Amino acid sequence: EYKVTENEITITQTGYVESRLNKIVVPSGRRDEDAATEDLVKQHRSVVGCLSWLAKQTRPDIQFDVAQAQRVQGRPSYGDIKAINKVVDQAKKYKENGIKIPKIDRSDMVILGYHDAAWANADLPCQADIDTSWDGDFKLGSQLASLVVVADKKCLQNQPGAFGVLDWRSHGSQRVCRSTFAGETMACGEALESCIFLRSLLLSFTNGQLVGEAEAGALMGLHLFTDCKSLFDHLHREGIPRAPSER
(Lines give C-alpha, C1' and ligand atoms only; values in the text may rest on other atoms or scores of the structure.)
Protein backbone atom coordinates (compact mmCIF):
# COMPACT_ATOMS: atom_id res chain seq x y z
CA GLU A 1 0.00 0.00 0.00
CA TYR A 2 1.37 3.40 -1.00
CA LYS A 3 0.57 6.82 0.43
CA VAL A 4 2.01 9.70 -1.59
CA THR A 5 2.28 13.27 -0.34
CA GLU A 6 4.18 16.28 -1.63
CA ASN A 7 7.24 15.52 0.51
CA GLU A 8 7.32 11.74 0.97
CA ILE A 9 6.07 8.29 0.02
CA THR A 10 4.96 5.82 2.72
CA ILE A 11 4.93 2.10 1.94
CA THR A 12 3.02 -0.26 4.26
CA GLN A 13 1.70 -3.84 4.24
CA THR A 14 -1.25 -3.38 6.57
CA GLY A 15 -3.54 -5.67 4.57
CA TYR A 16 -0.91 -8.42 4.48
CA VAL A 17 -0.49 -8.29 8.26
CA GLU A 18 -4.22 -8.43 8.88
CA SER A 19 -4.90 -11.32 6.50
CA ARG A 20 -1.81 -13.51 6.93
CA LEU A 21 -0.44 -13.19 10.46
CA ASN A 22 -1.98 -15.01 13.40
CA LYS A 23 -0.43 -16.12 16.66
CA ILE A 24 0.05 -19.81 17.37
CA VAL A 25 -1.99 -21.30 20.19
CA VAL A 26 0.38 -22.90 22.70
CA PRO A 27 -1.03 -25.62 25.00
CA SER A 28 -0.76 -24.85 28.71
CA GLY A 29 1.53 -26.77 31.03
CA ARG A 30 4.41 -27.11 28.55
CA ARG A 31 8.01 -26.27 29.43
CA ASP A 32 9.76 -23.78 27.16
CA GLU A 33 12.64 -26.18 26.52
CA ASP A 34 10.39 -29.06 25.38
CA ALA A 35 10.22 -29.80 21.65
CA ALA A 36 7.02 -28.64 19.93
CA THR A 37 4.62 -31.12 18.33
CA GLU A 38 4.71 -31.73 14.57
CA ASP A 39 1.55 -29.66 14.06
CA LEU A 40 3.04 -26.69 15.91
CA VAL A 41 6.28 -27.07 13.94
CA LYS A 42 4.30 -26.67 10.70
CA GLN A 43 2.47 -23.64 12.07
CA HIS A 44 5.78 -22.15 13.21
CA ARG A 45 7.26 -22.54 9.71
CA SER A 46 4.23 -20.88 8.16
CA VAL A 47 4.32 -17.88 10.53
CA VAL A 48 8.10 -17.49 10.12
CA GLY A 49 7.67 -17.54 6.34
CA CYS A 50 5.04 -14.79 6.48
CA LEU A 51 7.15 -12.70 8.85
CA SER A 52 10.21 -13.22 6.65
CA TRP A 53 8.41 -11.76 3.64
CA LEU A 54 7.19 -8.83 5.73
CA ALA A 55 10.64 -8.19 7.20
CA LYS A 56 12.25 -8.08 3.75
CA GLN A 57 9.69 -5.67 2.30
CA THR A 58 8.76 -3.00 4.84
CA ARG A 59 9.70 -4.04 8.39
CA PRO A 60 13.40 -3.77 9.28
CA ASP A 61 12.45 -3.65 12.97
CA ILE A 62 11.60 -7.39 13.00
CA GLN A 63 14.40 -8.59 10.70
CA PHE A 64 16.72 -9.75 13.49
CA ASP A 65 14.00 -11.67 15.36
CA VAL A 66 12.92 -13.35 12.12
CA ALA A 67 16.51 -14.34 11.37
CA GLN A 68 16.81 -15.90 14.82
CA ALA A 69 13.54 -17.78 14.35
CA GLN A 70 14.71 -19.16 11.02
CA ARG A 71 17.67 -20.79 12.77
CA VAL A 72 15.41 -23.04 14.83
CA GLN A 73 12.47 -23.67 12.50
CA GLY A 74 13.70 -27.23 11.86
CA ARG A 75 12.85 -28.24 15.43
CA PRO A 76 11.45 -25.35 17.49
CA SER A 77 10.71 -25.66 21.19
CA TYR A 78 7.64 -24.30 22.95
CA GLY A 79 9.80 -21.35 23.99
CA ASP A 80 10.56 -20.67 20.31
CA ILE A 81 6.83 -20.73 19.56
CA LYS A 82 6.18 -18.15 22.27
CA ALA A 83 9.04 -16.01 20.92
CA ILE A 84 7.59 -15.91 17.40
CA ASN A 85 4.19 -14.98 18.84
CA LYS A 86 5.84 -11.87 20.31
CA VAL A 87 7.16 -10.98 16.84
CA VAL A 88 3.61 -11.31 15.47
CA ASP A 89 2.46 -8.87 18.16
CA GLN A 90 5.25 -6.48 17.11
CA ALA A 91 4.24 -6.74 13.46
CA LYS A 92 0.59 -6.00 14.25
CA LYS A 93 1.35 -3.21 16.71
CA TYR A 94 3.21 -1.07 14.15
CA LYS A 95 1.56 -2.31 10.95
CA GLU A 96 0.70 1.20 9.72
CA ASN A 97 4.17 2.72 10.13
CA GLY A 98 5.88 1.25 7.08
CA ILE A 99 8.84 2.73 5.20
CA LYS A 100 8.98 6.45 4.45
CA ILE A 101 10.93 7.77 1.44
CA PRO A 102 11.32 11.56 1.72
CA LYS A 103 11.84 14.07 -1.06
CA ILE A 104 15.54 15.00 -1.34
CA ASP A 105 17.14 16.99 -4.15
CA ARG A 106 19.53 14.75 -6.03
CA SER A 107 22.33 17.28 -5.70
CA ASP A 108 22.01 16.95 -1.91
CA MET A 109 21.81 13.15 -1.76
CA VAL A 110 24.38 10.88 -0.14
CA ILE A 111 24.27 7.13 0.50
CA LEU A 112 25.00 6.06 4.08
CA GLY A 113 25.74 2.48 5.09
CA TYR A 114 25.67 1.37 8.74
CA HIS A 115 27.03 -2.07 9.54
CA ASP A 116 27.67 -4.20 12.60
CA ALA A 117 28.44 -7.75 13.64
CA ALA A 118 27.95 -9.80 16.79
CA TRP A 119 30.58 -12.49 17.10
CA ALA A 120 29.43 -15.98 18.18
CA ASN A 121 26.15 -14.70 19.59
CA ALA A 122 23.64 -17.14 18.10
CA ASP A 123 22.99 -20.83 17.74
CA LEU A 124 23.75 -22.34 14.35
CA PRO A 125 20.79 -23.39 12.16
CA CYS A 126 19.39 -26.83 12.87
CA GLN A 127 20.31 -27.92 9.33
CA ALA A 128 23.96 -26.86 9.67
CA ASP A 129 26.38 -29.69 8.91
CA ILE A 130 29.35 -29.05 11.20
CA ASP A 131 32.52 -31.12 11.41
CA THR A 132 32.89 -31.47 15.18
CA SER A 133 36.44 -32.79 14.82
CA TRP A 134 37.38 -29.40 13.31
CA ASP A 135 35.35 -26.93 15.32
CA GLY A 136 35.78 -28.50 18.74
CA ASP A 137 32.00 -28.85 19.18
CA PHE A 138 31.62 -25.05 19.06
CA LYS A 139 28.01 -24.51 18.02
CA LEU A 140 27.67 -20.73 17.77
CA GLY A 141 27.43 -18.49 14.72
CA SER A 142 27.93 -14.77 14.13
CA GLN A 143 25.20 -12.33 13.15
CA LEU A 144 25.86 -9.71 10.48
CA ALA A 145 23.70 -6.64 9.91
CA SER A 146 23.60 -3.60 7.66
CA LEU A 147 21.34 -0.62 7.05
CA VAL A 148 21.52 1.54 3.92
CA VAL A 149 19.84 4.94 3.75
CA VAL A 150 19.68 7.83 1.33
CA ALA A 151 20.05 11.12 3.16
CA ASP A 152 20.54 14.84 2.82
CA LYS A 153 24.27 15.55 2.94
CA LYS A 154 23.64 18.06 5.75
CA CYS A 155 23.53 15.02 8.04
CA LEU A 156 27.29 14.69 7.56
CA GLN A 157 27.76 18.11 9.16
CA ASN A 158 25.64 17.10 12.16
CA GLN A 159 22.72 19.17 10.88
CA PRO A 160 19.07 18.07 10.62
CA GLY A 161 18.22 16.51 7.26
CA ALA A 162 15.77 14.12 5.66
CA PHE A 163 16.64 10.44 5.13
CA GLY A 164 14.94 7.31 3.86
CA VAL A 165 15.73 3.64 4.46
CA LEU A 166 16.60 1.77 1.26
CA ASP A 167 17.92 -1.62 2.36
CA TRP A 168 18.44 -3.63 5.55
CA ARG A 169 19.80 -7.06 6.40
CA SER A 170 20.34 -9.20 9.46
CA HIS A 171 21.49 -12.77 9.02
CA GLY A 172 23.95 -15.38 10.17
CA SER A 173 27.37 -15.27 8.57
CA GLN A 174 27.84 -17.76 5.75
CA ARG A 175 31.52 -18.05 6.65
CA VAL A 176 33.22 -18.99 9.89
CA CYS A 177 34.29 -15.91 11.87
CA ARG A 178 37.19 -16.62 14.20
CA SER A 179 37.25 -13.11 15.68
CA THR A 180 35.15 -9.99 16.18
CA PHE A 181 37.33 -8.20 13.62
CA ALA A 182 36.53 -10.86 11.00
CA GLY A 183 32.80 -10.51 11.60
CA GLU A 184 32.94 -6.71 11.44
CA THR A 185 34.92 -6.88 8.19
CA MET A 186 32.37 -9.21 6.58
CA ALA A 187 29.51 -6.91 7.64
CA CYS A 188 31.41 -3.95 6.19
CA GLY A 189 31.87 -5.72 2.86
CA GLU A 190 28.17 -6.55 2.62
CA ALA A 191 27.12 -2.99 3.44
CA LEU A 192 29.52 -1.59 0.86
CA GLU A 193 28.20 -3.89 -1.86
CA SER A 194 24.61 -2.84 -1.10
CA CYS A 195 25.54 0.85 -1.12
CA ILE A 196 27.38 0.62 -4.46
CA PHE A 197 24.54 -1.29 -6.12
CA LEU A 198 21.76 0.97 -4.82
CA ARG A 199 23.64 4.15 -5.68
CA SER A 200 24.21 3.01 -9.27
CA LEU A 201 20.59 1.85 -9.55
CA LEU A 202 19.26 5.18 -8.24
CA LEU A 203 21.46 7.23 -10.56
CA SER A 204 20.62 5.03 -13.54
CA PHE A 205 16.91 5.58 -12.90
CA THR A 206 17.24 9.34 -12.56
CA ASN A 207 19.61 9.70 -15.55
CA GLY A 208 17.64 7.41 -17.82
CA GLN A 209 20.72 5.35 -18.68
CA LEU A 210 23.21 3.00 -17.02
CA VAL A 211 25.68 4.79 -14.75
CA GLY A 212 29.00 3.08 -14.09
CA GLU A 213 30.69 3.06 -10.71
CA ALA A 214 33.36 5.61 -11.66
CA GLU A 215 30.72 8.11 -12.74
CA ALA A 216 28.45 7.26 -9.79
CA GLY A 217 31.24 8.06 -7.33
CA ALA A 218 31.62 11.53 -8.82
CA LEU A 219 27.87 12.22 -8.73
CA MET A 220 26.91 10.99 -5.27
CA GLY A 221 28.91 10.44 -2.10
CA LEU A 222 28.98 7.15 -0.22
CA HIS A 223 29.89 6.82 3.47
CA LEU A 224 30.16 3.79 5.77
CA PHE A 225 29.76 3.86 9.56
CA THR A 226 31.12 1.39 12.11
CA ASP A 227 31.46 1.14 15.88
CA CYS A 228 34.52 -1.13 15.51
CA LYS A 229 37.63 0.99 16.13
CA SER A 230 40.03 -1.74 15.01
CA LEU A 231 38.29 -1.93 11.62
CA PHE A 232 38.29 1.87 11.30
CA ASP A 233 41.98 2.08 12.17
CA HIS A 234 42.86 -0.74 9.77
CA LEU A 235 41.12 0.96 6.83
CA HIS A 236 42.54 4.43 7.59
CA ARG A 237 46.09 3.35 8.34
CA GLU A 238 48.66 5.11 6.19
CA GLY A 239 50.88 2.97 4.02
CA ILE A 240 50.36 -0.69 3.18
CA PRO A 241 48.29 -2.43 5.89
CA ARG A 242 49.58 -5.63 7.41
CA ALA A 243 48.12 -8.71 5.78
CA PRO A 244 45.33 -10.16 7.97
CA SER A 245 45.72 -13.65 9.44
CA GLU A 246 42.26 -14.54 8.06
CA ARG A 247 41.60 -14.26 4.35
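Preceding this paragraph is the structure being described.
Residues numbered from 1 in each chain as written. Predicted model: local features only at pLDDT ≥ 70, side-chain atom pairs only at ≥ 80, totals over all residues. Heavy atoms only, no water.

A few words on the overall build of the protein chain. Across its full length, the protein chain holds 8 helices and 7 strands. Looking at the protein chain as a whole, 36% of its 247 residues are labelled buried. Long-range pairs, those at least 24 residues apart, make up 73% of the contacts in the protein chain between residues at least 6 apart in sequence. Roughly 14900 Å² of accessible area belongs to the protein chain as shown, and the carbon and sulfur atoms make up 52% of that amount. (Helix = DSSP H or I, 4+ residues; strand = E, 2+ residues; numbered from the N terminus. Buried < 20%, exposed > 50% of the residue type's maximum accessible area, 1.4 Å probe, protein only. Contact = heavy atoms within 4.5 Å. Areas by Shrake-Rupley, 256 points an atom, 1.4 Å probe, with all protein chains shown as cover.)

Within the structure shown, the criterion is met by 0 disulfides. Its sulfur unpaired, Cys188 is 9.3 Å from the next cysteine sulfur, which belongs to Cys195. For Cys188, a relative accessible area of 11% translates into the label buried. (Disulfide = S-S within 2.5 Å.)

Taken in spatial order, the 3 strands make up an open sheet running β1-β2-β3, and their pairing is antiparallel. Since the sheet does not close on itself, it has two edges, and those belong to β1 (2-4) and β3 (99-102), each with one partner. Between one strand axis and the next, the sheet turns by 15° as a mean value, whatever way the strands run. (Pairing = 2+ DSSP bridges. Axes fitted to C-alpha atoms, helices over the stretch in contact; angles between N-to-C directions.)

Within the structure shown, the criterion is met by 1 aromatic pair. Ring geometry for Tyr114 versus Phe225: centroids 4.8 Å apart, planes at 15°, classification stacked. Taken together, the residues span a long stretch of sequence, with Tyr114 in strand β4 (residues 109-123) and Phe225 in strand β7 (residues 221-225) at a distance of 111 residues. (Phe/Tyr/Trp six-rings, centres within 6.5 Å; stacked < 30°, edge-to-face > 60°.)

With a phi close to 60°, Asn158 is a non-glycine residue in the positive phi region. Since its relative accessible area comes to 74%, Asn158 is described here as exposed.

The subject of this paragraph is the side chain of Asp152. Mapped onto the fold, Asp152 is located in strand β5 (residues 140-152). No salt bridge is formed by the buried Asp152; its nearest oppositely charged neighbour, Lys154, is found at 4.4 Å. (Lys, Arg positive; Asp, Glu negative; His and termini not counted. Salt bridge = Lys/Arg side-chain N within 4 Å of Asp/Glu carboxyl O.)

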